[in-house]
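# Reading the structure
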Amino acid sequence: MIKAILIFNNHGKPRLIRFYQYFAEDMQQQIIRETFHLVSKRDDNVCNFLEGGSLIGGSDYKLIYRHYATLYFVFCVDSSESELGILDLIQVFVETLDKCFENVCELDLIFHMDKVHYILQEVVMGGMVLETNMNEIIAQVEVQNRLEKSESLPFILH
């Protein structure tokens, strides 16, 4: 099961945080700092899996991450999840963001947070993987976009 999804930039500034297990806010902040410290000090040519930090569960949990340009995408999972499956899920999530935002960048995550959360909810909900087919995720995002446009149209006409 996925316990947390963390996206932060090269300086450790959180851009998307989603915990699927309850942690008090101060503990969440400590987990974010520890996770950034563990992931950011690693070389780019080493394995993308490591044991979870001491705060999020230690050896029972794994941090699986990818570093794209200025962003780290980190999934904290328990031992029942496949490392390669989660790496593939990160790839699907990033490629979906890339298609929806046409070359996604850090600013897209900042200024379109609602859309990013919607895309994430199409992929993962409650710590469980819902969808891995990028075309299906994009189709649902397009349906949502059309719905938003149709709801806002009457207000524009008045």
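Residues numbered from 1 in each chain as written. Predicted model: local features only at pLDDT ≥ 70, side-chain atom pairs only at ≥ 80, totals over all residues. Heavy atoms only, no water.

As annotated in an unreviewed UniProt entry, the protein carries the name AP complex subunit sigma and is attributed to Nothobranchius furzeri.

## Focus on the overall build of the protein
Along the backbone of the protein there are 5 helices and 7 strands. Reading the protein from its N end, one meets helices and strands in the order β-β-α-β-β-β-α-α-α-β-β-α. A globule of 158 residues ought to have a C-alpha radius of gyration of about 15 Å, and the protein, at 16 Å, matches this closely. Counting only C-alpha atoms and orienting by the principal axes, one finds that the protein spans roughly 55 × 30 × 30 Å. Here the protein holds 158 residues, and 42% of them are scored as buried. In the protein, the share of contacts with a sequence separation of at least 24, taken over all contacts with a separation of at least 6, comes to 48%. (Helix = DSSP H or I, 4+ residues; strand = E, 2+ residues; numbered from the N terminus. Rg over C-alpha atoms; globule rule 2.2 N^0.38 Å. Buried < 20%, exposed > 50% of the residue type's maximum accessible area, 1.4 Å probe, protein only. Contact = heavy atoms within 4.5 Å.)

## Topic: unusual backbone geometry
A positive phi is found at Ala69, a non-glycine position, where the angle reads about 50 degrees. For Ala69, the position within the fold is in the loop between β4 (61-68) and β5 (71-78). Its relative accessible area of 71% is what places Ala69 among the exposed residues. Phi is positive for Glu102, which is not a glycine, with a value near 50 degrees.

## Regarding the environment of Ser152
Structurally, Ser152 is set in helix α5 (residues 134-157). Relative accessible area serves as the criterion here: at 32%, Ser152 is assigned to the partly exposed category. Along the chain, Ser152 and Leu97 lie 55 residues apart, while their C-alpha atoms are 24 Å from each other.

## Thoughts on the nonpolar core
One broad rule of soluble globular proteins: the nonpolar side chains tend to lie buried together. Counting residues in hydrophobic clusters, the biggest one holds 30 residues, and the most contacted among them are Ile2 and Phe93. For this core, the secondary-structure elements that each account for two or more residues are β1 (2-9), β5, α2 (83-101), α4 (113-123) and α5. Here the element with the most residues in this core is α2; it accounts for 10 residues. What Ile2 contacts, discounting residues up to four positions off in sequence, is Tyr20, Phe75, Cys76, Val77, Glu81, Ile86, Leu89, Val124, Gly127 and Val129. Ranked by size, the runner-up nonpolar core spans 17 residues in total, among them Phe23, Ile32, Phe36 and Val74. (Core = buried A, V, L, I, M, F, W, Y, C linked by side-chain atoms within 4.5 Å.)

## Observations concerning the environment of Glu81
Within the secondary structure, Glu81 sits in the loop between β5 and α2. For Glu81 and Phe36, which are 45 residues apart along the polypeptide, the C-alpha to C-alpha distance reads 21 Å. Apart from residues no more than four positions distant in its own chain, Glu81 is found in contact with Met1, Ile2, Lys62 and Ile86.

## Regarding the pairing of β5
Counting buried positions along β5 gives 8 out of 8 residues, so the element sits mostly inside the fold. Alternating residues of β5 divide into Leu71, Phe73, Phe75 and Val77 and Tyr72, Val74, Cys76 and Asp78, and every residue in both groups is buried. Here β1 pairs with β5 via 7 bridges, running antiparallel. Bridge pairing in β5 places Asn9 opposite Leu71. Where β4 and β5 come together, 8 bridges link them in antiparallel fashion. Counted as the bridge partner of Tyr65 is Val74 from β5. (Pairing = 2+ DSSP bridges.)

## Structural notes on the side chain of Arg15
Here Arg15 shows up in strand β2 (residues 14-19). Polar side-chain contacts of Arg15 include one of 2.7 Å to the side chain of Glu106. Each residue touching Arg15, except ones within four places of it in the same chain, is listed here: Ile7, Phe8, Asn9, Leu71, Glu106, Leu109, Ile110 and Met113. (Polar contact = N/O pair within 3.5 Å; in protein donor to acceptor, adjacent residues only side chain to side chain.)

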